[in-house]
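Here is how the chains run, residue by residue.
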There are 2 protein chains.
Amino acid sequence: MEKQTITIYDVAREANVSMATVSRVVNGNPNVKPATRKKVLEVIDRLDYRPNAVARGLASKKTTTVGVIIPDVSNIFFASLARGIDDVATMYKYNIILANSDGNDEKEINVLNNLLAKQVDGVIFMGHHITEAIRGEFSRSKTPVVLAGSIDPDDQVGSVNINYQEATKEATDLLAKNGNKKIAFVSGALLDPINGRERLAGYKAALKENGLKYSEGLVFESEYQYKAGIELSQRIINSGATAAYVVDDELATGIANGLIDSGVKIPEEFEVITSNNSLLTDVIRPGLTSVTQPLYDIGAVSMRLLTKLMNKEEIDEKSVILPHGIVKKGSTK
Amino acid sequence: MEKQTITIYDVAREANVSMATVSRVVNGNPNVKPATRKKVLEVIDRLDYRPNAVARGLASKKTTTVGVIIPDVSNIFFASLARGIDDVATMYKYNIILANSDGNDEKEINVLNNLLAKQVDGVIFMGHHITEAIRGEFSRSKTPVVLAGSIDPDDQVGSVNINYQEATKEATDLLAKNGNKKIAFVSGALLDPINGRERLAGYKAALKENGLKYSEGLVFESEYQYKAGIELSQRIINSGATAAYVVDDELATGIANGLIDSGVKIPEEFEVITSNNSLLTDVIRPGLTSVTQPLYDIGAVSMRLLTKLMNKEEIDEKSVILPHGIVKKGSTK
DNA sequence: GTGAAAGCGCTAACAG
DNA sequence: CTGTTAGCGCTTTCAC
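Residues numbered from 1 in each chain as written. Chains lettered and ligands numbered in written order. Predicted model: local features only at pLDDT ≥ 70, side-chain atom pairs only at ≥ 80, totals over all residues. Heavy atoms only, no water.

**Some words on the protein's contact with DNA strand C**
Part 1: By nearness alone, 28 residues border DNA strand C, and Thr 21 and Lys 33 of chain A together with Ile 8, Tyr 49 and Arg 56 of chain B come closest of all.
Part 2: Considering the 4 Å shell around the protein, atoms of DNA strand C inside it are sugar or phosphate in 65% of instances.
Part 3: Contact distances for DNA strand C include 3.1 Å between a phosphate oxygen and a backbone N or O atom of Asn 52 of chain B.
Part 4: Where the surface near DNA strand C is concerned, the elements lending two or more residues are helix H2 (19–26) and helix H4 (53–60) of chain A together with helix H2 (19–26) and helix H4 (53–60) of chain B.
Part 5: Sorting elements by how many residues they give to the surface near DNA strand C places H4 of chain B first, with four residues.
Part 6: Residues belonging to the surface near DNA strand C are distributed by class as follows: twelve nonpolar, eleven polar and five charged. (Near = heavy atom within 4 Å. Polar contact = N/O pair within 3.5 Å; in protein donor to acceptor, adjacent residues only side chain to side chain. Helix = DSSP H or I, 4+ residues; strand = E, 2+ residues; numbered from the N terminus. Nonpolar A, V, L, I, M, F, W, Y, C, P; charged D, E, K, R; others polar.)

Dropping the structure here:
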């Protein structure tokens, strides 16, 4: 004998009112006489009634749920964004459906359609690059989308980022001003717009301003992994570079430890600047000078922007740029 | 003029079949003549029909969504579990609603009720301890629950863990065998069963086996933070300990760096073993010897267990224990 | 301030 | 193999 789920109808009957009235008190509609409200609340409590959000979603066409597409939650960078997203979502009474994509183009599309099928009210997308296909899906649906820490070359949807170009320029400039003539640029896939378009441009701009010439031999593409950094350190030494700007902390720690193991003194003989100022940069010795980006805030602001879009509020600016900085530690002079 | 959402009914009309038939092909029911299936599929494609999962959820009383309550996704430990959970969830066609609780008792209850209102088919709970209140909510609802990396003193629900007691005993034993007479036990809140019941018991057992006496002066409670570790290192030195077992990597790196900064040589003068073998233990020099626990797998197995519970399959064992290990690095002799 | 009634889009017997 | 018919539990006009 299954325990019968109790519905709004049961409450209505017990309280001698209509379903409509129960619905009103549940939703805090003011048009209810205090006395009846009290009576209804009483019955709700007595029957231990719990509103069914699915039924509500079907009737109201709103699920108070947003989809979050993320390359990998177990990556500290994205996890920080996710935390910011969830906190603001909670603040506005939304839940998030979290889906990992591994940055895989096909998975991203599958996951997006899945989320749309679940009638999410909005989507936050994180990814290294935006394919034509996914952009097509975005515009095909009326569901609002915000990119968090991700760049769409022709921005049709909302987005929140720092100015990657400027940040990289400043980091490279610091290295140049310290007297380095050969500065390595160590990045992930240059196909990703943040690396290949924004950061590389900033790097080149800084070289130019400092009268240094650009050389492809100083540009390295790599996976964002500690081990990859260890291995890469040899090639960097061989390139003749005396400093490096690295786009990822894990990679940067690998490079730094690799250099140290090879007897290279940091920062005396080689300077390093990394990009995310995560805990790794403090644990390693010497500490790594780093660009700072407000990861949590990027997530939080993305979600805030999405709430506005979902409410069809007027948006002053669809592309939000948050401030960045540089914090100096032991890996630069 | 709003774009009309197209429904199963539209497809039925266009294909000259009933809703039921459309529903059958959408759900892969084999009882459909190939010819009609083809016709329906064609119309679905032409009309660009997308099934509405909310309506389906209401009608079928299944949402293919599970709730995941997590203290903090931006903590690498929990993020790893979450990744394992999501991968297996995806494998079984479920989505996860992720909700951060900050380990806060009240939030946990709110979040759980919220998830239940959304009619999730199951819940995975991660938390440092299980309060009476939340346990009450668990049993009040018929929704299956699995604890991941969390211990319920009287286990009424499913759970997946390693044997924390055994692992701690082995770690402490290693330290004792290396000749240390005063071994510190550095933990988070001892109120949490994993620390206060399992790990502490393992620590005591190892001391006993090695003829060492237990002293409260060697037991430290702390936040799981790098900075806390730095500060704690002084107190540990003062305690006269020559080795420490630490329950958290971030805390352990703080302690190790704090000791090194105070001129203590690791491992010659002080040995350290930590618990999660995260990247931090490789980045710091010397590398930290660590207990290894299969974080991703704990998440994955939890979700797998939950699918069985949701399917009402027979379970051989509700409490799953996964294997652990110890990996030696530079912080022990 | 309150009620009646019509759906929201889909699944699930039950017939045939 | 296919169609009919009830709902699932709630929101939302529209009356009164």
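**Notes on the nonpolar core**
Part 1: Core analysis: the biggest nonpolar cluster contains 144 residues, and Val 186, Phe 270 and Met 303 of chain A together with Val 186 and Met 303 of chain B have the highest contact counts within it.
Part 2: In contact with Met 303 of chain A, other than residues within four places in its own chain, are Val 66, Ile 85, Val 88, Ala 89, Tyr 94, Ile 124 and Met 310 of chain A.
Part 3: Grouped together as the second largest cluster of nonpolar side chains are 34 residues, Val 111, Phe 125 and Ile 134 of chain A together with Ala 99 of chain B included. (Core = buried A, V, L, I, M, F, W, Y, C linked by side-chain atoms within 4.5 Å. Buried < 20%, exposed > 50% of the residue type's maximum accessible area, 1.4 Å probe, protein only. Contact = heavy atoms within 4.5 Å.)

**Focus on the relation of the copies chain A and chain B**
Part 1: Placing chain A over chain B gives an RMSD of 0.1 Å and needs a rotation angle of 180 degrees, together with 0.0 Å of translation along the axis. With respect to symmetry, the two chain copies, as superposed, fit the operation of a two-fold axis. Among all residues of chain A, the one whose C-alpha sits closest to the rotation axis is Ile 97 of chain A, at a distance of 2.1 Å.
Part 2: When the interface residues of chain A are mapped onto chain B, 98% of them again lie at the interface, so the same face is used by both copies. (Least-squares fit on C-alpha atoms with pLDDT ≥ 70 in both.)

**Thoughts on the interface of chain A and chain B**
Part 1: Taken together, the contact pairs 52 residues of chain A with 52 residues of chain B.
Part 2: By the criterion of area lost to chain B, the three top residues of chain A are Arg 83, Lys 118 and Val 283 of chain A, representing 15% of everything that side buries.
Part 3: Across the contact surface, chain A and chain B share ten salt bridges.
Part 4: Here Arg 83 of chain A makes a salt bridge to Asp 72 of chain B, at a shortest N to O gap of 2.9 Å.
Part 5: Where chain A packs against chain B, one counts 32 residue pairs in polar contact (both at pLDDT 80 or more).
Part 6: Sorting the residues of the side of chain A that touches chain B by element identifies H4, helix H5 (76–91), strand S2 (95–100), helix H6 (105–117), helix H7 (132–140), helix H11 (249–261) and helix H12 (280–283) of chain A as the ones contributing at least two each.
Part 7: Here the element with the most residues in the side of chain A that touches chain B is S2 of chain A; it accounts for six residues.
Part 8: Taken together, the residues that form the side of chain A that touches chain B break down as 21 nonpolar, 14 polar and 17 charged.
Part 9: Here three bridges tie S2 of chain A to strand S2 (residues 95–100) of chain B, and the two strands are oriented antiparallel to one another. Bridge pairing in S2 of chain B links Ile 97 of chain A to Ile 97 of chain B. (Buried area = accessible area lost by both parts, 1.4 Å probe. Salt bridge = Lys/Arg side-chain N within 4 Å of Asp/Glu carboxyl O. Pairing = 2+ DSSP bridges.)

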